[in-house]
Amino acid sequence: MSDPSAAKAIVVDSVSKRFELGKVGPTSMKERLISRNRSGGDDFWALKDVSFDIEVGETFALLGHNGSGKSTLLKCIARTLTPTSGNIRIVGSVAALLELGAGFHPDLTGRENIILNASILGMAGDEVEGRLPEIFAFAELEEFADTAVKHYSSGMFARLGFAVAMFLEPDILLVDEVLSVGDESFQRKCLGEVRRFQREGRTIIVVTHSADMVRHICDRAAVLDHGELIELGTPARAIGALRAAFAKKGIEVPADLGHADNLERSNAVRFTDVTLHLPDPDRDWIRPGEPLEVEVGFDSASANDDVVVALEIHDQNGNRLVGINTDRLNSPGPVVDGVGSMRFRIDRMPLLGGVYDVSVGLHNHDVSVSYDHREGAASFRVEHDTGLVGLVDVPLSADWT
């Protein structure tokens, strides 16, 4: 009998993590800010009995508010922290980008740090030396190769750390918010490498606040709330659970859960409205087989010829039933400038009874920049009396022979 865990890259099994407050101080500015708001008791449970599996080749996100435990869990997976209870099983080599400059000695140069890190991992010196120009070229730091890294900016740290991780070619890549640092061109380069890793079947885990990144590159996501796992599923379902958790606690929903981070660029494009056009204006529902149009209005701050409109339909459990964009439909748009609109046309609705959510997005052609995204921007209801049971309206007939 085959081992059911054979296709698992990571198995997190009932993991809990306790910190003894007052004995070990916070190690980062974020942890100091979080610990400042904690009161009472000597123990703080950052993780509470968390369990899930990650498949080989899967891109997986950890989501949650600050202090939810997601970075602590990533450090446990990277084995820089040891769980108080439970265990984590990992298959394959791991490269972790947990914090800016993690693993770099401040008094050594960039070149010396790379050689030192590679030797610790057992890599041959000749191989490392031969690829140093490639690493510094990717990081755009050729002129700083022999500068002590204590003189690097945060962006330089991020670029060098990512370049080294790519050079190591790990089976599993762990990334904690590092991709949010750096200019747009470098973020685009990093995203290209992430997509290469995906094509090669490598496993990626990201901690991020960017819902757009989760939607575009992740297969599944887990949501943590005060150390507890509250959702595990599709990106849409996880983002919905995170929004609900924020709303339940009366916390303002972060902007990037409804919109992209980068809307202030001069060529930014925003949605202005999303309208559903039903075949019968006298009813607010449709039947299986009837058409439906989704009209999106947008406003561009300036002329932009790099705009794609995307459409997704989800059921009430957050499962994505369809995802498409204007590029995939071979419908390149014109240069958008100012107010405009476009329509998606579904000639025949193939769904059976239920309520379905419509989400829309605006991004560039290589999906490296997301201008705007509206999760659950509209919804529609399908009613039917066809006798079919299930989700899809399949044309069927029966003949006796």
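Look a little higher up for the structure.
Read on for a plain summary of the structure. (Residues numbered from 1 in each chain as written. Predicted model: local features only at pLDDT ≥ 70, side-chain atom pairs only at ≥ 80, totals over all residues. Heavy atoms only, no water.)

**Considering the side chain of Asn325**
Selection criterion: Secondary structure elements follow DSSP: runs of H or I of four or more residues count as helices, runs of E of two or more count as strands, with numbering from the N terminus. Polar contacts, as counted here, are pairs of nitrogen or oxygen atoms within 3.5 Å of one another; within protein the pair requires one atom able to donate a hydrogen and one able to accept it, and residues that are adjacent in sequence qualify only if both atoms are side-chain atoms. In this description, contact between two residues means that some pair of their heavy atoms is separated by no more than 4.5 Å.
Locating Asn325 in the fold gives a position in strand β13 (residues 320-325). Among the polar contacts listed, one links the side chain of Asn325 to the backbone nitrogen of Arg328, at a separation of 2.8 Å. Aside from chain neighbours lying at most four places away, what touches Asn325 is Val308, Val309, Ala310 and His363.

**Here's the deal with the sheet that holds strand β7 (residues 203-207)**
The test is simple: Two strands are said to pair when DSSP picks up at least two bridges between them. Note on method: axes are straight lines fitted to C-alpha atoms, helices fitted across the in-contact stretch only, with angles between N-to-C directions ranging 0 to 180 degrees.
Spatial strand order, β5-β6-β7-β3-β8-β9: six strands in an open sheet with mixed pairing. Edge positions in the sheet fall to β5 (94-97) and β9 (228-233), since each has one partner strand and no second. Here the strands of the sheet are splayed against their neighbours by 15° on average, with no regard to which way each runs. Bridging between strand β8 (residues 220-225) and β9 involves five bridges; their strand directions are antiparallel. Residue pairing in the sheet places Leu224 in a bridge with Leu229 of β9. The strands touched by helix α2 (residues 70-78) within the sheet are β3 (59-63), β5, β6 (172-176), β7 and β8, with β6 carrying the most contacts at an inclination of about 150°. Helix α5 (residues 154-168) contacts β5 and β6 of the sheet and is inclined by roughly 170° relative to β5.

**Structural notes on the packing of aromatic side chains**
For clarity, the threshold we go by: Pairing of aromatic side chains requires ring centres within 6.5 Å, counting the rings of Phe and Tyr and the six-membered ring of Trp. Pairs whose planes differ by under 30 degrees are stacked, by over 60 edge-to-face, and all others tilted.
In the structure shown here, the tally under the stated rule is three aromatic pairs. Consider the rings of Phe52 and Phe60, whose centres lie 5.1 Å apart with planes at 15°: the pair is stacked. Taken together, a centroid distance of 6.1 Å and an interplanar angle of 15° make the contact between Phe138 and Phe162 stacked. Separated by 24 residues along the polypeptide, Phe138 in helix α4 (residues 125-139) and Phe162 in helix α5 bring together distant segments of the chain.

**Topic: the nonpolar core**
Let me state the cut-off plainly: We define the nonpolar core as a collection of buried residues of types Ala, Val, Leu, Ile, Met, Phe, Trp, Tyr and Cys that are connected through side-chain atoms lying within 4.5 Å of one another. A simple rule labels every residue: compare its accessible area, found with a 1.4 Å probe on the protein chains alone, to the largest value its type can have, and call it buried under 20%, exposed over 50%, or partly exposed in between.
Residues Leu63, Ile114, Phe136, Tyr152, Leu160, Phe162 and Leu173 are the most contacted members of the largest nonpolar core, which totals 46 residues. A total of nine residues in this core trace back to one element, the largest contributor, which is α5. If we ignore the near neighbours within four places in the chain, the residues touching Leu160 are Phe104, Gly110, Ile114, Ile135, Phe136, Ala139, Leu141 and Tyr152.

**What about a nonpolar patch on the surface?**
Defined as follows: Only residues whose relative accessible area exceeds 30% and that form no salt bridge enter a patch; like-charged residues are grouped when within 9 Å of one another, and nonpolar side chains (Val, Leu, Ile, Met, Phe, Trp, Tyr) when within 5 Å. In short, Shrake-Rupley with a 1.4 Å probe defines the accessible areas, and a residue's cover is counted only from the protein chains shown. A carboxyl oxygen of Asp or Glu within 4 Å of a side-chain nitrogen of Lys or Arg is what we treat as a salt bridge.
Nonpolar side chains collect at one region of the surface, where Leu391, Val392, Val394 and Leu396 lie side by side and expose about 350 Å² of accessible area between them. Structurally, Val394 is set in the segment after β16 (370-382). Of the residues examined, Val394 reaches a relative accessible area of 40% and is grouped as partly exposed.

**Here's the deal with the sheet that holds strand β12 (residues 308-314)**
Strand order in the open sheet made by the four strands is β13-β12-β15-β16, with antiparallel pairing throughout. A single partner strand is all that each edge strand has here, and the edge strands are β13 and β16. For this sheet, the mean angle separating the axes of adjacent strands, direction not counted, is 15°. As defined by bridge partners, β12 adjoins β13 across five bridges and the pair is classed as antiparallel. Of the residues in β13, the one forming a bridge with Leu311 is Ile324.

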